[in-house]
Every structure is written in structure tokens, then in C-alpha cells.
Amino acid sequence: MSSYYLNFRTSIPWVILFLELVFLIRFLFFFTAVDNIYCSFDSYPEFQDVSHMVVFGFGFFLMVLRRYGFSSTAFNFLIVVLGVQCSVLLEDLLHFLKVEENAVGLKSLAKALVSVTAVVISTGAVLGKANPVQLIVMALVELIVFNVSRWINRTFLEVGSELTLRHVHLFGAYFGLAVASRFPEPSPGLDKNRSTPKSDLFSVLGTVFVWVFWPSFNSVLTDSKEEAVLNTYFALAVSAVAAFMLSALTSKDGKFSMTHIHSAVLAGGVTISYTAPSISHPWIAMILGLLGSVITILGSHCLQRCLNPPLKIQDTSGVHFTFGLPALLGALAAVVLSVVKEGTHAQWNDLSSLGLLIFVEVAAFCQTLSTALVTGFVTG
């Protein structure tokens, strides 16, 4: 028996058992009263949609390599269920330290599912390189660091709790890229690093799952659910149409490229995630969806040819231009829309308040990005 299988048997079961025991002890002796766990939560349909999106959608989305199709789906499921429990524990710990108001019941699970999305996105960058033990360690470290980053934004920059969660795509993409940069480069002719028509088909199926349930993802924890759902759908619809259009224009043979469509149809949902509950005009959401699709397809052309080789960026699933670049665009759009909105109300008289608003928005974005890159590099 090889050393890999021996190490697998002596590490994975005990790590999982330890984590499950900690989670069980949480309900026996931890901070939340049992009576409050079963409180009502009106957004169960959205919670169910987010579960489908994270488990089914991203599970199939990661099936891009011929040698890691079934294992990617299984490991994604394992990481999700362990990550949700770890995220709930971290939220209880922050409540115990009196740095955050505690959410209970399904709302707590919904926040945990949204947080775990960062880990799932990061997994796409290290797909085919990390073994299950490394994936579990990466998931635990990333969830801890992501919650610490959220705490910094809430405590020092006074950013709302729901707003800090919307950095999940940005954090997950660049944390995963930083981790992947520390792995050795794969051999160019290695067969296991290739995809097949079957794996591409399942990956596109996962993309469709994620696309369908993305409006629920953006609305599950917000009070303005109608605005979030409608704006997200408009942005997704425009980005999907633009993906097909731009794919035909940029392909050499004038045909649709599934690589472009696989990435760009989701760009609208990522870009609009920062501003979906606050946009009051659908045309703004549609423009953001269009810009997200454009930056994704252009990024897939430029980054893979110009930046990835010198920077040694290994991005198996294309999370950089699927989630990272649209998240950067969405964060920038959020700053611009906030300034325009506040400037209209203030009649542009109070420039100091506008400057403070810009500083807070940009500082939260820069803090999240720098924390993801530094801690991801160290983790890798």
C-alpha cells in the first residue's frame, strides 16, 4: 500500500472526527441557548436555493479535469458541510468575545453557507494540486481569516455585517490564487491536467445551477429581497447574452467558446453582489452585468497569455476572471454608486462626508484583498 493511502487513512478520519466532536460540544456547552436555535426564519426558500447552489452548482462546476471529476464533487461536499460547522463555531466565538451580534437557527446557517462560498471558490484554483488533508486545512484557515477580515471591517471601518459578507467572492478568488502560487507548476504534457468533453459538460451544468440560484444567494441575508432578486437576475441575463455575443466575436472561427461562456455567464451575479439590494434602476444592474461579462472574457484572453506565465499563476478553474475580476469591478461600482447617491442627497455640499465615505469603501476593499493575498500565500 502506498504512503499516500496510509497517510490518508491516518489523518482524514481523525481530523473529521475531531471537528465533529468540537461541533457537538458547541451545542452542549457553548454560548447559544437551545431555545433560540429553533427561532423562525422567513427566508428558508432562499436558504434552500443557496444550499443547492453551493453543493450541486459548485460541485459540478469544479468537474473540469478528467482525473478529478468525481473526487472534486465529493471533496466539495465534504468541505461545505465541515466549513458550515466551522463557520458557525467562529460566529459563536465572535459573539462570546462581544465583537458581533449572534445569529441563531437558519440565519446562522445561511451566513455560514455564504462564508463557505469563499472556500469553494478557492478550491477551484488549487484543483488537481491539493490533497484532501490540504483542502481541509485550507478551508479551516480561510474561514478563520475571512471572519477576522470581516471583524476588522466592522470594528475599525464600521462596515455593516451584511456588506462584509459580500466580499466573499473577492476574498475566495485571491486567497485561492495565492495558495495555488506556492504549488509546483504541473508538467505541460501531464494527461491528468486536461479536460474532456464529458468533464466540460458537467462543469457547464454546474454553471447553469449556480446561475439559476444566484438571485437567492444575493438576497438571502438582505431586507430588500425584491430589489436584490430582480437586479441580480437582470445582471445575470445581460451577462449571459453578452457572453455568447463576445464569445462569437473573439473566437477565431466565429463559434461559441464554452470556456468563455462557462466563465462569463456568472460575471453579472458577481459584479452586482455588492449593490444588488440598493440599486433602484434596473438599467444600472444591466450595465454592470454587461461590464462584468466584458471584463471576464477580456481577462481570460489577456491574463492567461500575459500575466499568468511571468507571475506563475496556476488557475485550474479560471476563478481569477470568473470571480476575481468581476468582484473588483463590483467593488469599484459600489464606491461610485455610493458617492453618486450620497452626493445627490447632500447636494455635493458636504465634501468631507463624501471623502470619508470613499475612504471607508476603498479601505474595506483594500483590506480584504491584501488580507486574502498575504494569508493565502502563507497558507500555501
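Residues numbered from 1 in each chain as written. Predicted model: local features only at pLDDT ≥ 70, side-chain atom pairs only at ≥ 80, totals over all residues. Heavy atoms only, no water.

The name given to the chain in an unreviewed UniProt entry is RHL protein, with the source organism recorded as Atrichornis clamosus. What UniProt records for the chain under Subcellular location (unreviewed entry) is the sentence "Membrane". (UniProt positions renumbered as here; feature names shortened; annotations may be inferred.)

1. Here's the deal with the overall build of the chain
Within the chain one finds 15 helices and zero strands. Taking all 380 residues of the chain together, the buried fraction comes to 51%. In the chain, the proportion of contacts linking residues at least 24 apart, taken out of those at least 6 apart, comes to 79%. (Helix = DSSP H or I, 4+ residues; strand = E, 2+ residues; numbered from the N terminus. Buried < 20%, exposed > 50% of the residue type's maximum accessible area, 1.4 Å probe, protein only. Contact = heavy atoms within 4.5 Å.)

2. Some words on the nonpolar core
Core analysis: the largest hydrophobic core is formed by 77 residues, its most contacted members being Phe58, Val126, Tyr174, Trp214 and Phe323. Ranked by residues supplied to this core, first place goes to helix H5 (residues 105–125) with ten residues. Setting aside residues up to four positions removed in sequence, Tyr174 forms contacts with His320, Gly324, Leu325, Leu328, Leu369, Ala372 and Leu373. Membership of the second largest hydrophobic core comes to nine residues, among which are Ala228, Ala235, Ile284 and Ala333. (Core = buried A, V, L, I, M, F, W, Y, C linked by side-chain atoms within 4.5 Å.)

3. Considering the pattern of salt bridges
Side chains that differ in sign of charge can pair as their charged atoms come close. A complete count under the given rule lists one salt bridge for this structure. Note that Lys111 is salt-bridged to Glu91, the shortest N-O span being 3.6 Å. Taken together, the residues Lys111 in helix H5 and Glu91 in helix H4 (residues 69–96) connect sequence positions 20 residues apart. In this structure Glu91 comes out as buried when scored by relative accessible area, which is 5%. (Salt bridge = Lys/Arg side-chain N within 4 Å of Asp/Glu carboxyl O.)

4. Some remarks on the layout of surface pockets
In this structure, the second largest pocket occupies an estimated 850 Å³ of space. The wall of the second largest pocket is formed by 31 residues, among which Ser278, Ala334, Leu337, Ser338 and Glu361 lie closest to the centre. Per-element accounting of the lining of the second largest pocket gives the leading share, eight residues, to helix H14 (residues 319–346). Its residues assigned to classes, the lining of the second largest pocket shows 17 nonpolar, eight polar and six charged. (1 Å grid on protein atoms, 1.4 Å probe; cavity = no way out; pocket = protein on both sides within 12 Å on 5 of 7 lines; lining within 4 Å. Points joined across faces, edges and corners; volume = space filled by probe spheres on them. Nonpolar A, V, L, I, M, F, W, Y, C, P; charged D, E, K, R; others polar.)

5. A few points about unusual backbone geometry
We note that Glu158 has phi near 55°; this positive angle belongs to a residue other than glycine. Secondary-structure assignment places Glu158 in the loop between helix H6 (132–156) and helix H7 (161–165).

6. Digging into empty space enclosed by the protein
If you roll a probe as big as a water molecule over the atoms, it shows you where there is empty space left. In the structure shown here, the tally under the stated rule is five cavities of 30 Å³ or more. Put simply, the largest cavity is a space of about 150 Å³. Considering the residues around the largest cavity, the lining is formed by Val114, Glu162, Leu165, Arg166, Val168, His169, Phe217, Asn218, Val220, Leu221, Thr222 and Ser273. Of all the elements in the fold, those that place two or more residues in the lining of the largest cavity are H7, helix H8 (168–180) and helix H9 (197–219). Taken together, the residues that form the lining of the largest cavity break down as six nonpolar, four polar and two charged.

7. Some thoughts on the packing of H9 against helix H10 (residues 225–250)
At a closest axis distance of 8 Å, the pairing of H9 and H10 adopts a crossing angle of 145°. The element H9 and its partner H10 pack so that their crossing is right-handed. The segment H9 lies against H10, with Trp211, Trp214, Pro215, Asn218 and Ser219 engaging Lys225, Ala228, Val229, Thr232, Tyr233, Leu236, Ala237 and Ala240. Partitioned by chemical class, the residues of the contact of H9 with H10 number nine nonpolar, three polar and one charged. (Axes fitted to C-alpha atoms, helices over the stretch in contact; angles between N-to-C directions. Left-handed = near helix turned anticlockwise from the far one by under 90°.)

8. Describing the packing of H5 against H8
Contact geometry of H5 with H8 gives a least axis separation of 7 Å together with a crossing angle of 35°. For the crossing formed where H5 meets H8, the hand is right-handed. Listed contacts from H8 to Val114, Ser115, Thr117, Ala118, Ile121, Ser122 and Ala125 of H5 are Val168, His169, Gly172, Ala173, Phe175, Gly176, Leu177 and Ala180. For the contact of H5 with H8, the class distribution of residues is nine nonpolar, six polar and no charged.

9. Focus: the confidence of the model for the chain
In the predicted model, the chain carries a mean pLDDT of 81, and 82% of its residues have values of at least 70. Per-element confidence in the chain is highest for H8, whose mean pLDDT is 93, and lowest for helix H2 (residues 34–37), whose mean pLDDT is 54. (pLDDT = per-residue confidence, 0-100.)

10. Quick notes on the packing of aromatic side chains
Across all of its chains, the model carries 13 aromatic pairs by this definition. Pairing Phe60 with Phe202 gives two aromatic rings, centres 5.9 Å apart and planes at 15°, and the pair type is stacked. Here Phe202 lies in helix H9 and Phe60 lies in helix H3 (residues 44–61), a separation of 142 residues in the sequence. Here Phe202 falls in the partly exposed class, since its relative accessible area comes to 27%. Ring-pair connections join several aromatic residues into one group, and the members of that group are Phe56, Phe60, Phe202, Phe209 and Phe213. (Phe/Tyr/Trp six-rings, centres within 6.5 Å; stacked < 30°, edge-to-face > 60°.)

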